[in-house]
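# Topology and contacts: notes
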Amino acid sequence: MSYYVSVPFVPTPVEVIRRMLQMADLKPGELLLDLGCGDGRVLIVAAKEFGARAVGIEVRSDLASRAAYNAMKEGVSDRVLVINGNFFEIRLPPADVIFMYLLTSVNERLRPKLEREAKPGARIVSHDFEVTGWRPKMVEDFRDGGRSHRLYLYVRE
Ligand SMILES: C[S@@+](CC[C@H](N)C(=O)[O-])C[C@H]1O[C@@H](n2cnc3c(N)ncnc32)[C@H](O)[C@@H]1O
């Protein structure tokens, strides 16, 4: 069954990405995973500004190619890996921080997989959409470009 058709590509503004990675306390050398990485902007901020390694999974081949190209253009392709595929069908790498900008319904379907595969202590940040059934460690309303973004931080036990 395909779950991805209902999630369009809507990029997260860079200031919002920065704030989310700060909330997640992403550290140099840590591994960030973006579930549905779009044009790769989260991966690039993680690698360039936080010194992290980053993996993105993106189902649309045009976006996966664009993300890999953008990482190369920004000089971080040695620390960024883009996988063209459906994250429901791929075993998640052992990331320290997981980034999501999906939908509440998709988060709900992802939750059992995250509970099985996210490593203990992993920090999970979600833009605008909560993970129902999990208690957030932090919720913040962050203003950028005239609109408010609700940011959720969870920590896997
Ligand atoms: C709202 S965009 C967010 C892009 C990026 N993470 C950001 O915040 O700028 C969601 C992305 O997830 C991708 N996507 C949706 N479902 C997916 C799935 N099952 N597997 C991989 N990618 C998926 C979409 O193609 C889209 O590019």
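What comes next concerns the included structure. The model shown is predicted, which means the values in this text are computed figures rather than measured ones. (Residues numbered from 1 in each chain as written. Predicted model: local features only at pLDDT ≥ 70, side-chain atom pairs only at ≥ 80, totals over all residues.)

### A closer look at the nonpolar core
L32, L43, A46, V97, I98 and F99 are the most contacted members of the largest nonpolar core, which has 45 residues in total. Of all the elements, helix α2 (residues 41-50) adds the most residues to this core, at seven residues. (Core = buried A, V, L, I, M, F, W, Y, C linked by C-beta atoms within 7 Å. Buried ≥ 20, exposed ≤ 12 C-beta atoms within 10 Å, placed from the backbone. Helix = DSSP H or I, 4+ residues; strand = E, 2+ residues; numbered from the N terminus.)

### Overview of the sheet that holds strand β4 (residues 97-100)
Sheet architecture is open: seven strands sit in the order β3-β2-β1-β4-β5-β7-β6, paired in mixed fashion. Strand pairing shows two members of the sheet lacking a second neighbour, β3 (80-84) and β6 (138-144), which therefore form its edges. Taking each pair of neighbouring strands and ignoring which way they run, the sheet shows an average axis angle of 20°. Pairing between β6 and strand β7 (residues 147-155): seven bridges, direction antiparallel. Residue D144 lies in a different strand from β7, and its bridge partner there is R147. Contacts from α2 reach β1 (31-35), β2 (53-58), β3 and β4 within the one sheet, and its direction differs from that of β2 by about 175°. Contacting β2 and β3, helix α3 (residues 61-73) runs over the sheet at an angle of about 170° to β3. (Pairing = 2+ DSSP bridges. Axes fitted to C-alpha atoms, helices over the stretch in contact; angles between N-to-C directions. Contact = placed C-beta atoms within 7 Å.)

### Considerations on the environment of E15
For E15, the location among the structural elements is in helix α1 (residues 14-23). When the 14 C-beta atoms within 10 Å are taken as the criterion, E15 is described as partly exposed. On a C-alpha basis, the gap between E15 and G145 in space is 9.3 Å, while along the polypeptide they are 130 residues apart.

### Concerning the environment of I124
Relative to the elements of secondary structure, I124 occurs in strand β5 (residues 123-127). I124 has contacts with I98, L114, A118, Y154 and R156, leaving out every residue within four places of it along the chain.

### Some details on unusual backbone geometry
Non-glycine residue D25 carries a positive phi angle of around 55°. Residue placement: D25 occurs in the loop between α1 and β1. Residue classification places D25 among the exposed residues on the basis of 12 C-beta atoms within 10 Å. You will see that D128, though not glycine, has its phi angle at about 70°, which is positive. On the secondary structure map, D128 appears in the loop between β5 and β6. Its 17 C-beta neighbours within 10 Å are what place D128 among the partly exposed residues.

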